[in-house]
Amino acid sequence: MVRLLDRVHMGGQQIELPALGTVHVPAPEHIVYYAGLGLLAALGFIEWPVAVVIGAGHLLADQHWSHVVTGIGEVLEEA
């Protein structure tokens, strides 16, 4: 049975799957972004390697800013 966890990570959610364990599900706006990027590559507007680099860069930027915002929140809680 799929069980949603209370913890939210980077705007998405984590679900527990029996065979796979805990899986991170991105926020809906991230899914739309990556789907649009894939569609642009599939239609030939951009090349696949470019789409992969853009997607990886977007993912890394989101992870970086998530940590920055978390750190700011922790500092504000202590103040």
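Remember, it's a predicted structure, so these values are computed and weren't measured experimentally.

About the thresholds
- Residues numbered from 1 in each chain as written.
- Predicted model: local features only at pLDDT ≥ 70, side-chain atom pairs only at ≥ 80, totals over all residues.
- Heavy atoms only, no water.
- Phe/Tyr/Trp six-rings, centres within 6.5 Å; stacked < 30°, edge-to-face > 60°.
- Buried < 20%, exposed > 50% of the residue type's maximum accessible area, 1.4 Å probe, protein only.
- Helix = DSSP H or I, 4+ residues; strand = E, 2+ residues; numbered from the N terminus.
- Expected span 1.5 Å × (residues − 1).
- Arc of directions from axis to C-beta.
- pLDDT = per-residue confidence, 0-100.
- Contact = heavy atoms within 4.5 Å.

A. Layout of the packing of aromatic side chains. This model, assessed by the stated rule, comprises 1 aromatic pair. A ring pair is formed by Y33 and Y34, whose centres lie 5.6 Å apart and whose planes are at 80 degrees; its orientation type is edge-to-face. Y33 sits in the partly exposed class, given a relative accessible area of 34%. For Y34, a relative accessible area of 27% corresponds to the partly exposed category.

B. Spatial organisation of helix α1 (residues 28-42). The terminal C-alpha atoms of α1 lie 21 Å apart, and with 15 residues this matches the ideal 21 Å at 1.5 Å per residue to within 8%. By the burial criterion, the buried members of α1 are H30, L37 and A41. For α1, the angular spread of the buried residues around the axis is 40 degrees, confining them to a single face. Opposite the buried face of α1, by more than 90 degrees, sit the exposed residues P28, E29, V32, L39 and A42. Phi for G44, located one or two positions after α1, is positive at around 90 degrees.

C. Summary view of the confidence of the model for the chain. Looking at the chain, the pLDDT average stands at 78 and 78% of residues meet or exceed 70. The secondary-structure element of the chain with the lowest mean pLDDT is strand β1 (residues 3-9), recorded at 41, while α1 shows the highest, at 93. Long-range and interchain partners of residues 1-10, a stretch whose pLDDT sits below 50, account for 21 contacts in this model, where long-range means more than four residues apart.

D. Examining the environment of W48 more closely. Here W48 shows up in helix α2 (residues 48-78). Overall, W48 belongs to the exposed group, its relative accessible area being 52%. When the C-alpha positions of W48 and L37 are compared, they lie 9.4 Å apart, and in sequence the two are 11 residues distant. Among residues more than four places away in sequence, those in contact with W48 are G38, A41 and A42.

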